[in-house]
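# Residue-level structure breakdown
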Amino acid sequence: MARKDQGLDTDPRYDTLELEWKNRKSLQGVDRYNDSREWKGVERPIEEREAKSLLRKEGNMEKEKAMHPRISELAEYLRQGKLTRREFVRYAVLLGMSAGAASQMAGLPWPRRASAGAAKYGGTLRVSSSVQKVTHPAQFSWISPSNQLRQVAEYLTFTDKDNITHPYLLEGWEASEDLKEWTLSLKRGIRFNNGDEFTAEDVVFSINQWLDKDVGSSLLGMMGTYLDRTGIEQVDRYKVKLHLKRAEIAVPEHLFHYPALILNHRTFQGDFIKAPHGTGPYTLELYREGERCVLRRRNDYWQKGLPYMDGMEFIDMGTEMAPQIAAIQAGEIDMIDLGDATGTDVYQALKGAPEINVQPIATAQTRVLRMRVDMKPWSDNRVRMALKLCQHREKILGLAYFGQGLEGQDFHVYPKHPEYCKKPIPPYQPERARTLLKEAGYPKGLDVNLAVGSDWTDIVRYAEILKQDATPAGFRIHIQTMPTSQYWEKWTEVDLGITPWTHRPLGTMVLNLAYIADDSGKPVPWNETRWVDEEFSTLLKEANGTLDVEKRRKIFCRLEQIQWERGSVGIAYWRNNWFVTQKRVKNVKPHPTGYMLFNTVWLEKQA
């Protein structure tokens, strides 16, 4: 088919994009851009002989006072090479084993806590970050406000960069053998910054807020499928028991979902800014939407000797990256919180700067091409599939994100999720897409509007590439670029758009957040496409409570296939992320979700 017939001559940007793509392919090679070895590497299964040798250390297990009976199953999977060491540790700690004991059992070194000898007290960290309107933390839809308020209020658990979940405000947890009863034991002696003691009443109150339909938290979609408000029992002053409606393995990880801040039940009345009482290391001194968030160090924080810094200040510099890049180069700020921003321009500008650290981390962050299945033409799966087939994934990743990630497969499970079932990368098939459009009743093609936020430069680029590569199939895509803030006002409402989704450690977490219905049959709050599939939902419920790794992976093979065949999203790539700081900011550990866990971060004095 001639280019003119395909409509390609109508868009002058086609030549520029196509030439850039060909140049990169021929001169530098796409693989060179995809240079993150961490992304490509899949930890090898442990050899059986090696596992037997390591498991002779099973005497370590006896030190665990109440080892969950199913940890023995995990040990057998490890012995048979069905689990990697890290997968074993991850599941064992979810079942209540300490990370140190689980690591020893798996033959992994357990790092000792770094010496604080070199750390210095003092100074204020200055961060460029969006300071948005916030009221109820359970309603967070963005990472940035959680990064600011997580310094004031805290979580019951935390999940580290290796997807291992640890107790935080909790002393620990125990799960029943059938994974339907979870007992949470609180640390004692913790106080909120207004002097109130942290107790089980605060945990019960906070979880009730998460599950309140009037609050409308994304946690309702994640936890509401297995827990309702009648299932929360306060056992005593420092212990809470959760009675689940079905088995669930990931409860401790869900407690670290970023809207799950623990609130003071005595003072919280729906607006955290009016009564900012948390257990965290800082107090909130000022919160002015669109301008600044100022935090000051507490002297009575429960983690003795922490934090090191006197304060943190988040400065809203807008969404343009150029002023933020200039500010960190000039030493006017210490860090750029990329949050949900693209980051490629920051990476390109600062990766070789002598006074700046650009630390990469692989993540399950992605950009979701989402189609509303309750609206025409996307209610027809043939149209949805046609658009998905128009994604030239290698080109999109190479041009939109400099190859800094992995190609996606139109299901929302990342290759490093433990449940991931290996599938081929779908090829670019415009001819098949054209046939599907014709079968769907669009022999002359179809005009569609595609909504994108202008500040996400990789998304805009993605949209431009898709627009051009979908033309031969008959799609006439009209890109509707709008301010990012405007996109977020309507992200669940537009019929076709591209939405950023952040990292989650489990494949089940995001599937529960975005692709199911609640108990009444209504799509959960973050189900932006309204896609609910009975077979998919049934299998996902089964996967949520399945510990057998082989069985769980088999379920996910089917889940991924269903989402590819009749799902509502296209996922062209998974993207790397970066933590960008001045080198005087010490002990920063990048987190795949972009969380700022900065209790042990300290500052060198400026010259």
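The present account deals with the structure reproduced in this document.

## Some points on the packing of helix H20 (residues 534–544) against helix H21 (residues 549–566)
- Two elements in contact, H20 and H21, have axes whose closest approach is 10 Å; the angle formed by their N-to-C orientations is 155°. With respect to H21, the element H20 is oriented roughly antiparallel. Classified by chirality, the crossing of H21 by H20 is left-handed. Between H20, through Glu535, Phe536, Leu539, Leu540, Glu542, Ala543 and Asn544, and H21, the contact on the second element is made entirely by Lys551, Arg552, Ile555, Phe556, Arg558, Leu559, Ile562, Gln563 and Arg566.
- Across the contact of H20 with H21, the residue classes break down as eight nonpolar, two polar and six charged.

## With respect to the pairing of strand E12 (residues 356–371)
- With respect to burial, E12 is a largely interior element, 13 of its 16 residues being buried.
- In the sheet, E12 pairs with strand E17 (residues 569–582) via eleven bridges, with the strands oriented antiparallel. By the bridge assignment for E17, Ile356 is matched with Gln582.
- In this sheet, strand E16 (residues 496–501) lies alongside E12 in antiparallel orientation, the contact comprising six bridges. Its bridge partner being in E16, Leu369 is matched across the sheet by Ile498.

## A closer look at the environment of Ile143
- You can see Ile143 is positioned in helix H8 (residues 143–149).
- You can call Ile143 buried: its relative accessible area is 1%.
- Between the C-alpha atom of Ile143 and that of Thr502, which follows or precedes it by 359 residues, the distance is 8.4 Å.

## Focus: the side chain of Thr165
- Mapped onto the fold, Thr165 is located in strand E3 (residues 165–167).
- Polar contacts involving the side chain of Thr165 include one to the side chain of Thr159, which spans 2.9 Å.
- Excluding anything up to four places from it in sequence, Thr165 contacts Val93, Leu94, Thr157, Phe158, Thr159, Trp173, Pro252 and Glu253.

## Things to note about the side chain of Thr484
- As for its position among the elements, Thr484 is in helix H18 (residues 484–489).
- On the basis of relative accessibility, which here comes to 5%, the residue Thr484 falls in the buried class.
- Discounting chain neighbours no more than four positions away, the residues touching Thr484 are Trp142, Gly453, Ser454, Asp455 and Trp456.

## Let's talk about unusual backbone geometry
- The omega angle of the peptide bond from Leu306 to Pro307 is -5°, so this bond is cis rather than trans.
- Residue placement: Pro307 occurs in the loop between strand E9 (292–297) and strand E10 (311–315).
- The omega angle of the peptide bond from Lys376 to Pro377 is 0°, so this bond is cis rather than trans.
- Relative to the helices and strands, Pro377 resides in the loop between E12 and helix H14 (381–388).

## Quick word on the packing of aromatic side chains
- Scanning all chains against the criterion turns up 28 aromatic pairs.
- Here Phe411 and Tyr420 contribute two aromatic rings whose centre-to-centre distance is 6.5 Å and whose plane-to-plane angle is 40°, an arrangement assigned as tilted. Like Tyr420, Phe411 is buried.
- Each ring, one from Tyr414 and one from Trp574, has its centre 5.5 Å from the other, and the planes form 55°; the classification is tilted. With Tyr414 in the loop between strand E13 (405–407) and helix H16 (430–439) and Trp574 in strand E17, this residue pair connects regions lying 160 residues apart in the sequence. With respect to burial, Tyr414 and Trp574 carry one shared label: buried.
- The aromatic ring of Tyr91 is capped on one face by Arg90, whose charged end is 5.3 Å from the ring centroid.
- One Lys or Arg, Arg150, reaches over the ring of Tyr595 and ends 4.0 Å from the middle of that ring.

## Observations concerning the pattern of salt bridges
- Evaluation of the coordinates by the stated rule reveals 29 salt bridges.
- Across the pair Arg372 and Glu493 runs a salt bridge whose closest N-O atoms are separated by 3.9 Å. Residue Arg372 is found in the loop between E12 and H14, and its partner Glu493 is found in the loop between H18 and E16; the two are separated by 121 residues along the sequence.
- The exposure class of Arg372 is buried, given its relative accessible area of 7%.
- Take Glu493: its relative accessible area is 45%, and that puts it in the partly exposed class.
- Residues joined by salt bridges that share partners form a network here, namely Arg372, Asp374, Glu493 and Arg530.

## Considering helix H17 (residues 457–470)
- With 14 residues, H17 should reach 20 Å at 1.5 Å per residue; the first-to-last C-alpha distance of 20 Å fits that figure.
- Within H17, eleven of the 14 residues are buried, which leaves it mostly tucked inside the rest of the structure.
- Within the sequence span of H17, burial applies to Asp458, Ile459, Val460, Tyr462, Ala463, Glu464, Ile465, Leu466, Gln468, Asp469 and Ala470.

## Structural notes on the sheet that holds strand E6 (residues 232–236)
- Taken in spatial order, the four strands line up as E4-E5-E7-E6 in an open sheet, and their pairing is antiparallel. Strands at the two margins of the open sheet, each flanked by one partner only, are strand E4 (170–175) and E6. Taken over all neighbouring pairs, the strand axes of this sheet differ in orientation by 20° on average, direction set aside.
- Sheet topology places E4 next to strand E5 (residues 181–186); five bridges connect them, and they run antiparallel. Paired with Ala175 across the two strands is Trp182, which belongs to E5.

## Considerations on the environment of Ile361
- If you trace the backbone, Ile361 turns up in strand E12.
- It is 6.1 Å that separates the C-alpha atoms of Ile361 and Pro592, two residues lying 231 residues apart in sequence.
- Not counting residues up to four positions away in its chain, the partners in contact with Ile361 are Lys161, Asn576, Asn577, Pro590, His591 and Pro592.

## Regarding the nonpolar core
- Membership of the largest hydrophobic core comes to 194 residues, with the highest contact counts inside it found for Phe88, Leu242 and Phe475.
- Of all the elements, E17 adds the most residues to this core, at eight residues.
- Beyond its immediate chain neighbours, meaning those up to four positions away, Leu242 contacts Lys180, Glu181, Trp182, Leu184, Ile207, Leu227, Gly231, Ile232 and Val251.

## Side note on the packing of H14 against H21
- Interaxial distance between H14 and H21 falls to 8 Å at its minimum, and their mutual angle equals 100°. When the axis of H14 is compared with that of H21, the two are roughly perpendicular. Along the contact surface, H14 presents Asn381, Arg384, Met385 and Lys388, while H21 presents Gln563, Trp564, Glu565 and Arg566.

So, how was this worked out
- Residues numbered from 1 in each chain as written.
- Predicted model: local features only at pLDDT ≥ 70, side-chain atom pairs only at ≥ 80, totals over all residues.
- Heavy atoms only, no water.
- Axes fitted to C-alpha atoms, helices over the stretch in contact; angles between N-to-C directions.
- Helix = DSSP H or I, 4+ residues; strand = E, 2+ residues; numbered from the N terminus.
- Parallel < 35°, antiparallel > 145°, perpendicular 65-115°, else oblique.
- Left-handed = near helix turned anticlockwise from the far one by under 90°.
- Contact = heavy atoms within 4.5 Å.
- Nonpolar A, V, L, I, M, F, W, Y, C, P; charged D, E, K, R; others polar.
- Buried < 20%, exposed > 50% of the residue type's maximum accessible area, 1.4 Å probe, protein only.
- Pairing = 2+ DSSP bridges.
- Polar contact = N/O pair within 3.5 Å; in protein donor to acceptor, adjacent residues only side chain to side chain.
- Phe/Tyr/Trp six-rings, centres within 6.5 Å; stacked < 30°, edge-to-face > 60°.
- Lys NZ or Arg CZ within 6 Å of the ring centre and 35° of its normal.
- Salt bridge = Lys/Arg side-chain N within 4 Å of Asp/Glu carboxyl O.
- Expected span 1.5 Å × (residues − 1).
- Core = buried A, V, L, I, M, F, W, Y, C linked by side-chain atoms within 4.5 Å.

Everything listed here is a matter of geometry and, on its own, says nothing about what the molecule does.
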